[in-house]
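Each chain, written out:
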Amino acid sequence: MPAEPVAPPAVTDDDPGGRTVRRLVAVVALLAVLPALYLPGLVHNFFDLKIYMSAMDWWRVGHPLYDYVQPDRVQGELYFTYPPFSALLLWPFGLLRLGATVAIFTVLTVLAVVLTTRWLVLPVIARHGLPRTFTLVAAVLLVLAVESIRETITFGQINMLLVVLILADLLFAVPQARRWAGVGVGLATALKLFPGIFIVYLLATRRWRAAAVASATAAAATLLAAAIAPRDSWRFWTHELWTTERVGRTDIVGNQSLFGLLSRFTAPEKPDRLLWLLVVAAVAVYGLWRATRAARAGDALTGLTLTGLVGALASPITWTHHIYWFVPAVVLLVDATLSADRPDEARRRWWSATLALVTTAVIVYGVVTFQKWGAGVIRTHDPADFVAQNTYVLLSLLLLAALPIRSGHAAENRAKWTSLSTSREQR
């Protein structure tokens with residue numbers, strides 16, 4: 001008698017082949033979704049990078065750097081607004097063809113995403129025994145799906161360079177008390193003023209030497225730019241820095257700061273500056289207090305994430321591509337979810353998992369990518385407008401209060417990194 005056909009084995013959680021198939025399906029699904037997420041952003045056509053390069057061309061032929069202006073249908077006129085040290089960094093790229101510059105910026109941003117995601121995720125992988133390659137690949141693809149990264153790439157921004165400098169400093173150099181701790185934060189501050197909030201964080205956590213090194217590095221880079229371009233440097237620090245109108249309209253929904261939130265109530269008029277300063281002071285004191293608690297508990301990642309969120313809320317202009325700090329927030333929430341494995345921690349696990357999923361959904365969908373806000377004045381008229389126009393602001397405030405502070409992670413993370421490095425060398 002012919003043998004009866006044998007049914008294939010059922011795919012279970014104990015089946016390595018089944019796990020591999022599911023992981024491949026997940027990666028392919030993420031890869032398939034990315035083009036749909038990037039398609040709306042392609043209309044940016046590296047708009048910001050083109051402004052930088054045009055400003056460099058203008059500057060190279062002898063015009064004052066901060067006289068460069070470009071008409072814009074939404075914001076009227078746009079200028080070169082970065083500090084002179086950034087101009088020194090960008091100047092060589094103006095000698096290249098635009099296509100080459102676009103390619104270089106895009107590749108460097110993607111490499112920065114891979115590097116920083118690896119820094120964030122490897123300790124979680126080691127702590128919870130997660131599949132290393134799959135988790136890293138999935139995490140990188142998810143980060144590339146986030147609106148702030150999409151906007152960074154499609155506008156041609158330099159944000160991820162700053163993130164690399166900040167994370168390298170605050171995750172490794174500062175906790176390990178390296179001699180050069182503070183250099184990364186200082187360079188980032190000289191390139192774009194926003195990272196200066198991390199010098200405040202170093203002072204709040206009593207990392208006096210790192211704060212001094214960061215301040216000295218920022219000052220040295222600024223003085224170098226002043227020596228090369230004295231008139232442009234004097235003009236920036238004495239005038240252009242204080243002219244917020246040069247950066248763009250503050251009521252636009254892409255401005256997800258507290259000042260942007262208030263501006264959408266009063267547009268086309270500017271909000272009351274005293275009210276704004278009082279709100280910023282309250283948020284900054286609370287956020288930096290929690291960041292300091294995290295640092296003292298040995299949780300460097302939570303400390304710097306809270307500080308980044310404070311900086312995004314406090315800055316008068318915080319475009320969507322500035323708010324990278326939702327990414328480490330999600331990593332922290334996932335870590336908290338996986339760590340809450342005892343029955344008495346079920347409520348904390350549920351809350352962390354829910355907040356991680358909500359945050360991920362919000363930052364992937366975004367606030368501007370799939371919305372048509374138009375070119376007119378943006379005003380808040382009702383609660384629905386308030387939530388839709390200020391989603392990142394509200395999420396940032398929620399995370400300031402809700403991000404868990406983990407105890408004793410500094411030594412543990414160093415041990416995990418040492419063990420991972422040793423295992424790679426043995427292989």
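Above this note sits the structure.
1. Topic: the packing of helix H4 (residues 98-128) against helix H7 (residues 159-173)
Close contact between H4 and H7 brings their axes to 9 Å; oriented N to C, the two are set at 25°. By the angle between their directions, the pair H4 and H7 is classed as roughly parallel. For H4 against H7, the interelement crossing comes out left-handed. Here H4 contributes Thr109, Ala112, Val113, Leu115, Thr116, Trp119 and Leu120 to the contact with H7, which in turn contributes Met160, Val163, Val164, Leu167, Ala168, Leu171 and Phe172. Among the residues making up the contact of H4 with H7, the classes are represented as 12 nonpolar, two polar and no charged.

2. Looking at H7
For an α-helix, the turn length of 3.6 residues means that residues three or four places apart are oriented alike. With 15 residues, H7 should cover 21 Å at 1.5 Å per step; its first-to-last C-alpha distance of 20 Å lies within 8% of that length. Most of H7 is tucked away, with 13 of its 15 residues classed as buried.

3. Concerning the packing of aromatic side chains
By the definition in use, this model includes 16 aromatic pairs. Ring centres 5.1 Å apart and planes at 75° place the aromatic pair Phe93 and Phe105 in the edge-to-face group. Of this pair, Phe93 sits in the loop between helix H3 (84-90) and H4 while Phe105 is found in helix H4, placing the two residues 12 residues apart along the sequence. Judged by centre distance (5.4 Å) and plane angle (85°), the ring pair of Tyr324 and Trp325 falls under edge-to-face. Across the pair, exposure class does not vary: Tyr324 and Trp325 are buried alike. Here Arg60 stacks its cationic end above the ring of Trp91, 5.8 Å away from the centre of that ring.

4. Topic: the nonpolar core
With 92 residues, the main nonpolar core has Leu120, Ile149, Leu167, Leu170, Tyr324 and Leu399 as its most contacted residues. With 11 residues, H7 is the single largest residue contributor to this core. Those residues in contact with Leu170 that sit more than four places away from it in its chain are Pro175, Val185, Phe198, Tyr201, Leu202, Ala300 and Leu304. Judged by nonpolar contacts, the second largest core, of 21 residues, contains Tyr52, Ala55, Tyr66 and Phe105.

5. Considering a nonpolar patch on the surface
A grouping of Leu96, Ile104, Val107, Leu108 and Leu111 is seen on the molecular surface, where their side chains present a nonpolar patch of about 430 Å² in accessible area. Within the fold, Leu111 resides in helix H4.

6. Focus on the pairing of strand S2 (residues 76-79)
In this structure, strand S1 (residues 69-72) lies alongside S2, joined through four bridges in antiparallel fashion. Directly across from Gln70, in S2, lies its bridge partner Leu78. If you look at the hairpin formed by S1 and S2, you'll find three residues sitting between the two strands.

Conventions used here
- Residues numbered from 1 in each chain as written.
- Predicted model: local features only at pLDDT ≥ 70, side-chain atom pairs only at ≥ 80, totals over all residues.
- Heavy atoms only, no water.
- Axes fitted to C-alpha atoms, helices over the stretch in contact; angles between N-to-C directions.
- Helix = DSSP H or I, 4+ residues; strand = E, 2+ residues; numbered from the N terminus.
- Parallel < 35°, antiparallel > 145°, perpendicular 65-115°, else oblique.
- Left-handed = near helix turned anticlockwise from the far one by under 90°.
- Contact = heavy atoms within 4.5 Å.
- Nonpolar A, V, L, I, M, F, W, Y, C, P; charged D, E, K, R; others polar.
- Expected span 1.5 Å × (residues − 1).
- Buried < 20%, exposed > 50% of the residue type's maximum accessible area, 1.4 Å probe, protein only.
- Phe/Tyr/Trp six-rings, centres within 6.5 Å; stacked < 30°, edge-to-face > 60°.
- Lys NZ or Arg CZ within 6 Å of the ring centre and 35° of its normal.
- Core = buried A, V, L, I, M, F, W, Y, C linked by side-chain atoms within 4.5 Å.
- Patch = residues over 30% accessible without salt bridge, like charges linked within 9 Å, V, L, I, M, F, W, Y side chains within 5 Å.
- Areas by Shrake-Rupley, 256 points an atom, 1.4 Å probe, with all protein chains shown as cover.
- Salt bridge = Lys/Arg side-chain N within 4 Å of Asp/Glu carboxyl O.
- Pairing = 2+ DSSP bridges.

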